[in-house]
Amino acid sequence: MSYSIPSQTRIGHVHLKVSDLQRSLDFYCGLLGFELVMKYGAQAAFISAGGYHHHIGLNTWHSLGSEPAPDRYPGLYHTAILYPERKDLAAILKRLLDAQYPQITGASDHGVSEAIYLNDPDFNGVELYWDRPRGLWPTDEIGNLTMYTRRLDTDNLLAELK
């Protein structure tokens, strides 16, 4: 019995356990620019881009005041936030650099996408990225996808803003 998930299926939202709700809102809304849709008392908040009911849920139900989870434990590796255009990725990179955000952990060109990696205040991994058009994805001589990880040329990315 073979089953394939429908090709139009999308991941609708992520819900993160955080230790300090306001600190997380300052990061996701204040720095990254998400909109606060609603708060659920002092324990949870739902945020989005463009008025969706929520792309990210934040809660302290089981984590208020807790330390970050250890790196080598199972759990979410990162939440990936897809930007519509390369210029949008450049704009958020500039915003992070201007804010001297201390938790930028990497920047990679994967052939299919370009990505900035960072940690939120609870050390939850966050990937900010944009996808290249499918016709520009790297393939081998018979058409198989050949993704890679190379250093992202951040100067070239930031030139999008000029």
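Residues numbered from 1 in each chain as written. Predicted model: local features only at pLDDT ≥ 70, side-chain atom pairs only at ≥ 80, totals over all residues. Heavy atoms only, no water.

### As for the overall build of the protein
Phase 1: In terms of regular secondary structure, the protein is built from three helices and nine strands.
Phase 2: If you line up the protein on its principal axes, its C-alpha atoms span 55 × 55 × 35 Å.
Phase 3: Put simply, 54% of the contacts in the protein that link residues at least 6 apart link residues at least 24 apart.
Phase 4: Accessible area for the protein stands at about 10,500 Å²; split by element, carbon and sulfur atoms hold 53% of it.
Phase 5: Side-chain charges of the protein comprise 14 positive and 19 negative groups, with the mean position of each set lying 1 Å from the other. (Helix = DSSP H or I, 4+ residues; strand = E, 2+ residues; numbered from the N terminus. Contact = heavy atoms within 4.5 Å. Areas by Shrake-Rupley, 256 points an atom, 1.4 Å probe, with all protein chains shown as cover. Lys, Arg positive; Asp, Glu negative; His and termini not counted. Charge placed at Lys NZ, Arg CZ, Asp CG, Glu CD.)

### Quick look at the packing of aromatic side chains
Phase 1: Applying the stated rule across the entire model yields three aromatic pairs.
Phase 2: For the pair Phe27 and Tyr28, a centre-to-centre distance of 4.7 Å together with 85 degrees between the ring planes defines the contact as edge-to-face. For the residue pair Phe27 and Tyr28, the accessibility class agrees, reading buried in each case.
Phase 3: With a centroid separation of 5.3 Å and an interplanar angle of 35 degrees, the aromatic rings of Phe27 and Tyr101 are classed as tilted. Placement of the pair is Phe27 in helix 1 (residues 21–31) and Tyr101 in the loop between helix 2 (86–98) and strand 6 (104–109), with a sequence separation of 74 residues.
Phase 4: Here the aromatic residues Phe27, Tyr28 and Tyr101 are joined through ring pairs into a cluster of three or more. (Phe/Tyr/Trp six-rings, centres within 6.5 Å; stacked < 30°, edge-to-face > 60°. Buried < 20%, exposed > 50% of the residue type's maximum accessible area, 1.4 Å probe, protein only.)

### Regarding the pairing of strand 8 (residues 125–131)
On a regular strand, one side chain projects to one face of the sheet and the next to the other, so that they alternate.
Phase 1: Counting buried positions along strand 8 yields six of seven residues, so the element is predominantly enclosed.
Phase 2: As judged from the four bridges shared by strand 5 (residues 79–82) and strand 8, these two strands associate in the parallel manner. In the strand pairing of strand 8, Thr79 is matched with Val126.
Phase 3: Sheet analysis places strand 7 (residues 113–119) next to strand 8, joined by seven bridges and oriented antiparallel. Within strand 8, the residue paired with Ile116 across the bridge is Leu128.
Phase 4: The hairpin formed by strand 7 and strand 8 contains five residues between the paired strands, and Phe123 there has a positive phi angle of roughly 65 degrees. (Pairing = 2+ DSSP bridges.)

### Remarks on helix 1
Phase 1: Turning to helix 1, its buried residues number three or more, namely Leu21, Ser24, Leu25, Phe27, Tyr28, Cys29 and Leu31.
Phase 2: With a side-chain oxygen positioned 3.2 Å from the backbone nitrogen of Gln22, the residue opening helix 1 is Asp20. (Polar contact = N/O pair within 3.5 Å; in protein donor to acceptor, adjacent residues only side chain to side chain.)

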